[in-house]
Amino acid sequence: MTTDVLHIPEDNEIFQNYRAAFETYGFSPAVRSGGFLFISGQVGVRPDGSAPADIAGQTECALQRIGELLRIAGLGFADLVDVTSYHVDIADTLPAFIEVKQRFIKSPFPAWSIIGISGLSRPELKIEIKAVAALRE
């Protein structure tokens, strides 16, 4: 089985100031393997690294980042098969998250796990989403 790290073009605006994080923390944004694209957890930050104050804005940013990785791989949201989202303050943030999610993810829906957690890598972050997409044959 071959494994291939998804390469983000140098001029990609969405990931312009996030490249160093891949090297600093030792992870790949996405990896192709065994007929799937495994997307690392994406947090709700803008291209400049700042995070919107609200969960709707953070969810939008995280899903845009996932969408960009899917696009680079020649895929789209319809190719997602498994998604896990991690939520700080889940009881307060889930309704706004679901509202934004519904704009991006359409039927047939991927499998989805929603997990409440106590915190993420930065205190202002409230959402992280990781995903798996099936590669097209």
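Below, the structure is looked at part by part. Every chain is numbered on its own, with residues counted from 1 as its sequence reads. Side-chain atom pairs in this predicted model are given and counted only at pLDDT of 80 or more, local residue features only at pLDDT of at least 70, and totals for whole chains, interfaces and linings cover all residues. Side-chain numbers come from the whole structure's heavy atoms, not from hydrogens or water.

**A word on unusual backbone geometry**
Let me state the cut-off plainly: Secondary structure elements are defined from DSSP: runs of H or I of at least 4 residues count as helices, runs of E of at least 2 residues count as strands, and each element is numbered from the N terminus.
Here the residue pair Ser107 and Pro108 is connected by a cis peptide bond, since its omega of 0° sits within 30 degrees of zero. Assignment of secondary structure puts Pro108 in the loop between helix H3 (90-104) and strand E5 (111-117).

**Some points on the packing of helix H2 (residues 55-72) against H3**
Where we set the bar: Angles here are taken between N-to-C directions and fall from 0 to 180 degrees, while the axes themselves are lines fitted to C-alpha atoms, restricted in helices to the stretch in contact. In this scheme the crossing of two helices becomes right-handed for a clockwise turn of the near helix relative to the far one and left-handed for an anticlockwise turn of less than a right angle. By definition, residues are in contact when any of their heavy atoms lie within 4.5 Å. Each residue gets one of three labels, nonpolar for Ala, Val, Leu, Ile, Met, Phe, Trp, Tyr, Cys and Pro, charged for Asp, Glu, Lys and Arg, and polar for the others, Gly among them.
With their axes 9 Å apart at the nearest point, H2 and H3 run at an angle of 35° to one another. For H2 against H3, the interelement crossing comes out right-handed. Facing Ile55, Ala56, Thr59, Glu60, Leu63 and Gln64 of H2, the residues of H3 in contact are Thr93, Ala96, Phe97, Val100, Lys101, Arg103 and Phe104. For the contact of H2 with H3, the per-class residue count stands at seven nonpolar, three polar and three charged.

**Description of H2**
The α-helix winds at 3.6 residues per turn, so residues separated by three or four positions along the chain end up facing the same way. Selection rule: The span expected for a helix works out to 1.5 Å for each residue beyond the first. Note on exposure labels: buried denotes an accessible area under 20% of the residue type's maximum, exposed denotes more than 50%, and partly exposed covers the range between, all computed with a 1.4 Å probe on protein chains only.
Here H2 spans 26 Å end to end across 18 residues, near enough to the 26 Å set by a 1.5 Å rise per residue. Across the 18 residues of H2, 14 count as buried, placing the element largely inside the fold. Just downstream of H2, Gly74 is the residue with a positive phi angle, here 80°.

**Quick word on the nonpolar core**
The following threshold applies: By nonpolar core is meant a set of buried Ala, Val, Leu, Ile, Met, Phe, Trp, Tyr and Cys residues that side-chain atoms within 4.5 Å join together.
One finds Tyr18, Leu37, Ile39, Leu70, Leu80 and Ile129 to be the most contacted residues of the largest nonpolar core, which totals 32 residues. Elements with a minimum of two residues in this core: helix H1 (19-25), strand E3 (36-43), H2, strand E4 (80-88), H3 and strand E6 (127-134). Looking at this core element by element, the count peaks at seven residues for H2. If near-sequence neighbours (up to four positions away) are discounted, Leu80 is found in contact with Leu70, Ile105, Pro110, Ala131, Val132 and Ala133.

**Some remarks on H3**
Under the convention used in this document: Throughout, bend refers to the angle between the axes fitted to the seven residues that end at a position and the seven residues that start at it.
Counted at 1.5 Å a residue, the expected span for H3 with its 15 residues is 21 Å, and the 20 Å between its end C-alpha atoms agrees. Remark: the principal bend of H3, roughly 25°, maps to Ala96. Looking at the packing, one finds that the buried side of H3 touches H2, E4, E5 and E6.

**Quick notes on the pairing of strand E2 (residues 30-33)**
Formally: Strands were regarded as paired on the criterion that DSSP finds at least two bridges between them.
Bridging between strand E1 (residues 3-5) and E2 involves three bridges; their strand directions are antiparallel. By the bridge assignment for E2, Asp4 is matched with Arg32. Pairing analysis gives four bridges linking E2 to E3, with the strands arranged antiparallel. Across the sheet, residue Arg32 finds its bridge partner in E3, namely Leu37. Between the antiparallel neighbours E2 and E3 lie two residues, among them Gly34 with a positive phi of about 55°.

**Focus: a nonpolar patch on the surface**
In plain terms, the rule: Nonpolar side chains (Val, Leu, Ile, Met, Phe, Trp, Tyr) are joined into patches within 5 Å and like charges within 9 Å, using only residues with over 30% relative accessible area and no salt bridge. Each accessible area value is a Shrake-Rupley result obtained with a 1.4 Å probe; residue values ignore everything except the protein chains displayed when judging cover. Salt bridge, as used here: a side-chain nitrogen of Lys or Arg that lies within 4 Å of a carboxyl oxygen of Asp or Glu.
There is a patch of nonpolar side chains on the surface, built from Phe36, Phe38 and Val81 and spanning about 230 Å² of accessible area. Examined against the element boundaries, Phe38 turns out to sit in strand E3.

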